[in-house]
Amino acid sequence: MPYRGYETFREVLERIANKYPGNPAILFDGKAMSYRELFEKANRLAYALYQLGVRKGDKVSLWMQNTPEWVITWWAVPMIGAVVVPVDHWYKEIEAKHIIGHSDSKIVITYRSFGKWDFISILKKIRNELPKLENVVSVGDADKIDGIEFEELLRMGKGWEKDEEYLKAVKSVDPDEVCLILYTSGTTGTPKGVMLSQYQIIKNAYDQGENMRVTEKDKLVVPVPFSHCFGCVMSITLMANFGGAIAPLLVFNERDALETIERYGCTMIHGTPTMFNREIKLFREEKFDTSTLRTGIMAGAPCPEDLMRAVMEEMGANLCITYGLTEASPGITMTSLDDSIEDRVKTVGKPLPDIEVKIVDDNGNELPPGKVGEIICRGYNVMKGYYKAPELTAQTIKNGWLYTGDLGVMDERGYITFKGRKKELVIVGGYNVYPIEIESYIRQFEKVHEVAVVGVPDEDLCEVVACAVIPKDGAKLKPEEIVDFCYGKIASAKVPRYVYVTDSLPVSGRGKVQKYKLVEILKELIQKGELKKIVPTAVKERTGAN
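Residues numbered from 1 in each chain as written. Predicted model: local features only at pLDDT ≥ 70, side-chain atom pairs only at ≥ 80, totals over all residues. Heavy atoms only, no water.

### Some remarks on helix α17 (residues 515-527)
Next up, step 1: The first and last C-alpha atoms of α17 sit 18 Å apart over 13 residues, in line with the 18 Å expected at 1.5 Å per residue.
Next up, step 2: All buried positions along α17 are accounted for by K515, L518, V519, L522 and L525. For α17, the angular spread of buried residues about the axis comes to 130°, placing them on one side.
Next up, step 3: Looking at the buried side of α17, the elements it contacts are α15 (435-442), β25 (448-458), β26 (462-471) and β27 (498-501).
Next up, step 4: In the stretch just after α17, G529 is the one whose phi turns positive, near 80°. (Helix = DSSP H or I, 4+ residues; strand = E, 2+ residues; numbered from the N terminus. Expected span 1.5 Å × (residues − 1). Buried < 20%, exposed > 50% of the residue type's maximum accessible area, 1.4 Å probe, protein only. Arc of directions from axis to C-beta. Contact = heavy atoms within 4.5 Å.)

Below is the structure:
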């Protein structure tokens, strides 16, 4: 199916609903919603929001888990030129108030309270502090917040095809208009609102799907949150471009993911390394039929080589790696189904179509193949900017090039190897050390479940390597074992001087390790004398050092 060029959200959904009307768009809780039904419900919701006064450019916050209502809203809001503002379902009062308030959201669409999630109660507490918020829409429980029920809006939207004013408004929407403000996950500080257009999202999703040869017969398990680009762009929008189905998990659970593959005969699965790590562990312990799996994407964090090989060889998913960031819509590079195993576990692939990538030094000068520098990109995918932050935008986009803040190296073929965040680079006595390399090595130690490497201050070398390690279940791990495992096997500057054995790492709700928080934890432990430098056993024996 050739790419049709510039399309709006509505045009994509209408095209697929006409071509594959009976195909399942969403598989959820044992039920299927067809593309015909999704198109009708999205139009009804869009029309109802229009009747409530939502117009082009207005912001609509979306705060719920991975539900069918999330998907309906995702397609509906851009139909009238309005902007979706996702709020992570694990956010509490402070985070929700910041995003809903900072984005100037006019409406919040949320979900009924159940289990540990109670969006309604939080909204009741903060509503008076959100002066621009006019309406709250809820899937059930609307009476508890003096709001409108989602189901009522769908009834209000009946007859959308007969309202000439509404249809005129829909047709006036341009693919280059902003349709999404997605706040970054805050792994390095306060979240920023990234503005992306309809065309950027649709094309980026399409090109990734084309790379995986997605068709209308594919069914994708979606364990990642819809409130992240991995969920809303690389899952919902990607599959809709081809008429395939999504089978979302309300929230991630490895058992649910594997059972969903069996239940629907899913051919694709996405996930972060953490998710795949938990899935492969359970897969080895119990029997699950994953014979229908064909491909999927591992992304969101550096992908360990042994994990990538295990998922491909044992679960049968011929995975691709996508590298990118929210500011890039989000994909920049990707491996292909035809790449060698080596390229798929060692690199993040080549640039996606119509995206230029360069590796540059600190002065912005392009570096030759084999040299490590900052990854920058230019193309249709570069964000429109940070919402209400022009100065920050100017620092990130220079002469059309998006400076990712990530380090990488390009080979002669154009393949990129990711080296980690630029801000995470550790300089040990003038020697550049890349945490991702050390993490990859330490993960090979049989007692290690997970590891995170950072730099901490040092009087002599200015900075030295420190790591936090989570042992495998039942393993008794001494910090000295990690140092001895590294010493003599990797460069001395890369050997951790401090090792913190713990049962958890500080992570964002999206599963990314918040290394800036880890640094503060380790610095405090060092200052208190609770974390001490470790001398390798071989050095002790040779020198008699303590």
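### A look at empty space enclosed by the protein
One simple way to see leftover space: roll a probe sized like a water molecule over the atoms.
Next up, step 1: One pass over the structure, following the stated rule, counts one cavity of 30 Å³ or more.
Next up, step 2: In this structure, the largest cavity spans a volume of roughly 40 Å³.
Next up, step 3: Within the residue set of the lining of the largest cavity, elements represented by two or more residues are β1 (24-28), α2 (35-51), α3 (68-79) and α9 (229-242).
Next up, step 4: Among the elements that take part in the lining of the largest cavity, α9 stands out by supplying three residues, more than any other.
Next up, step 5: Split by residue class, the lining of the largest cavity holds 10 nonpolar, one polar and no charged. (1 Å grid on protein atoms, 1.4 Å probe; cavity = no way out; pocket = protein on both sides within 12 Å on 5 of 7 lines; lining within 4 Å. Points joined across faces, edges and corners; volume = space filled by probe spheres on them. Nonpolar A, V, L, I, M, F, W, Y, C, P; charged D, E, K, R; others polar.)

### Observations concerning the nonpolar core
Next up, step 1: Judged by nonpolar contacts, the single largest core of 157 residues is most densely connected at L38, W74, W75, I80, Y166, L180 and I246.
Next up, step 2: Ignoring anything within four residues of it in the chain, the contact list for L180 reads W74, V83, V84, P86, V194, M195, L196, I201 and C232.
Next up, step 3: By size, the runner-up hydrophobic cluster in this structure holds 22 residues, among which are Y441, V451, V453 and V465. (Core = buried A, V, L, I, M, F, W, Y, C linked by side-chain atoms within 4.5 Å.)

### Let's talk about the side chain of T237
Next up, step 1: Within the secondary structure, T237 sits in helix α9.
Next up, step 2: Sequence-distant contacts of T237, that is, excluding residues within four places in its chain, are made with W74, W75, I201, I202, A205 and C232.

### Quick look at the layout of surface pockets
Next up, step 1: Its boundaries defined by the atoms lining it, the second largest pocket holds a volume of some 360 Å³.
Next up, step 2: Sorting the residues of the lining of the second largest pocket by element identifies β1, β2 (31-34), α2, α3 and α6 (150-156) as the ones contributing at least two each.
Next up, step 3: Class assignment for the residues of the lining of the second largest pocket results in 11 nonpolar, no polar and seven charged.

### Describing the side chain of N23
Next up, step 1: Assignment of secondary structure puts N23 in the loop between α1 (9-19) and β1.
Next up, step 2: According to the relative accessible area criterion, N23 is buried, its value standing at 19%.
Next up, step 3: Engagement of the side chain of N23 in a polar contact is seen with the backbone oxygen of G243, the distance being 3.1 Å.
Next up, step 4: Here N23 is in contact with M33, S34, Y35, E216 and G243, once residues within four sequence places are set aside. (Polar contact = N/O pair within 3.5 Å; in protein donor to acceptor, adjacent residues only side chain to side chain.)

### Points about the packing of α1 against α2
Next up, step 1: The interhelical angle for the contact between α1 and α2, taken along N-to-C directions, is 145°, at an axis separation of 8 Å. Our pair here, α1 against α2, has a crossing hand that is left-handed. Seen from α1, the contacting residues are R10, L13, E14, I16 and A17; seen from α2, they are Y35, R36, L38, F39, A42 and N43.
Next up, step 2: Looking at side-chain class alone, the contact of α1 with α2 contains seven nonpolar, one polar and three charged residues. (Axes fitted to C-alpha atoms, helices over the stretch in contact; angles between N-to-C directions. Left-handed = near helix turned anticlockwise from the far one by under 90°.)

Coordinates in, geometry out; function isn't part of it.
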